[in-house]
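A closer look at the structure
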Amino acid sequence: MIVAIDGPAASGKGTLGKRIARHYGLAHLDTGLLYRAVAYQLIQAGKPLTDEAEAAIAARKLDVETLDDETLRGAEMGAAASKVAAFPGVRAALVQLQRAFAARPEGAVLDGRDIGTVICPDADAKLFVTASAEERANRRFKELASRGDPITFDEVLADIRARDERDTNRAVSPLRQAEDAALLDTTKMDIDAAFRAAVAIVDAATS
Ligand code: CDP
Ligand code: CDP
């Protein structure tokens, strides 16, 4: 069974992906971490985020099993990730890796921007998770503040808006709802309510 979860920044994809994977006994891949890791490697190597050739080389060298969440989770890395994610060479290098992850015998849950449209178009269940930009900024702000990040709410909201804009309007694999994906608007749902709604969608799609 393959479950594809897409949606904009801080909509709850990652948290839902993790819980859905646990519920059905599947492996989970947060594909945003791949783009964050590519950006991180460029920054570490002192290369500009505009260097498509270097970004593609970094993408080809990634190992999904050794991604370090903690270093990659900051707001700065999210913004940097959305820049390198627009490069066709980076996306092409990451396609096989994501499909190989999804091809494990028991199946998998993948979350990102283009899972239901490009990476796993034949997924058994597809969810497009969203929430208002203000609610998403509120969630991300609380999360970053609890980790000691001094970023302000207005900065988080501006980052989310800029990223939504870049991710939706890029030429390759833009963020969009697949035609056969179920829309889950979590603006007024806490994580437990969103999880129950997601399980109902997956069960209906796979029964
Ligand atoms: O993966 P994505 O960026 O879409 O979002 P996330 O990291 O799963 O969720 C962002 C934050 O919002 C986390 O701190 C979640 O616990 C929180 N959240 C929430 O408060 N209510 C929801 N319905 C979903 C997520
Ligand atoms: O957790 P959050 O939604 O804030 O970000 P993320 O899922 O870690 O993704 C970071 C950036 O990577 C996004 O803004 C996208 O530009 C890019 N990304 C993508 O293009 N395709 C994916 N499948 C996943 C992420």
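No experiment lies behind these values; they were computed from the predicted model shown.

**A short note on the site of ligand 2**
Lining the immediate surroundings of ligand 2 are 18 residues, of which Arg36, Arg91, Arg140, Arg163 and Asp167 lie closest. In this structure, Arg91 approaches ligand 2 through a side-chain N or O atom, which is 2.8 Å from an oxygen atom. In the model, an oxygen atom of ligand 2 is placed 2.9 Å from a nitrogen or oxygen of the Arg170 side chain. Coverage of ligand 2 by the protein chains reaches 98% of its 520 Å² of free accessible surface. At the level of secondary structure, the elements contributing two or more residues to the shell around ligand 2 comprise helix 2 (32-44), helix 5 (75-84) and helix 9 (153-169). In terms of residue count, helix 2 provides more of the shell around ligand 2 than any other element does, three residues in total.

**Quick word on the UniProt feature "binding site: ATP" (unreviewed entry) in the chain**
Sequence positions flagged by UniProt for "binding site: ATP" (unreviewed entry) are, in local numbering, Gly7, Pro8, Ala9, Ala10, Ser11, Gly12, Lys13, Gly14 and Thr15. The residue Pro8 is located in the loop between strand 1 (2-6) and helix 1 (13-24) in this model. Excluding its chain neighbours within four sequence positions, the residues that come into contact with Pro8 are Lys13, Arg113, Phe128, Val129, Thr130, Arg136, Asp164 and Leu175. Mapped onto the elements of the fold, Gly12 is located in the loop between strand 1 and helix 1. Exposure remark for Gly12: the relative accessible area of 18% places this residue in the buried category.

**Some details on the packing of aromatic side chains**
Applying the stated rule across the entire model yields one aromatic pair. Centre to centre, the rings of Phe141 and Phe153 are 6.2 Å apart; their planes meet at 90°, and the pair counts as edge-to-face. A residue pair is termed long-range when its members are at least 10 positions apart, and Phe141 in helix 8 (residues 133-146) and Phe153 in helix 9 qualify at 12 residues. Relative accessible area serves as the criterion here: at 28%, Phe153 is assigned to the partly exposed category.

**Let's talk about the pairing of strand 3 (residues 108-112)**
The buried fraction of strand 3 is high, at five of five residues. Neither face of strand 3 is exposed, since Ala108, Leu110 and Gly112 on one face and Val109 and Asp111 on the opposite face are all buried. Two elements, strand 1 and strand 3, share five bridges in a ladder whose sense is parallel. Within the sheet, the bridge partner assigned to Ile5 lies in strand 3 and is Asp111. Note: strand 2 (residues 27-30) against strand 3, four bridges, orientation parallel. Paired with Asp30 across the two strands is Asp111, which belongs to strand 3.

Definitions and cut-offs
Residues numbered from 1 in each chain as written. Chains lettered and ligands numbered in written order. Predicted model: local features only at pLDDT ≥ 70, side-chain atom pairs only at ≥ 80, totals over all residues. Heavy atoms only, no water. Near = heavy atom within 4 Å. Polar contact = N/O pair within 3.5 Å; in protein donor to acceptor, adjacent residues only side chain to side chain. Areas by Shrake-Rupley, 256 points an atom, 1.4 Å probe, with all protein chains shown as cover. Helix = DSSP H or I, 4+ residues; strand = E, 2+ residues; numbered from the N terminus. UniProt positions renumbered as here; feature names shortened; annotations may be inferred. Contact = heavy atoms within 4.5 Å. Buried < 20%, exposed > 50% of the residue type's maximum accessible area, 1.4 Å probe, protein only. Phe/Tyr/Trp six-rings, centres within 6.5 Å; stacked < 30°, edge-to-face > 60°. Pairing = 2+ DSSP bridges.

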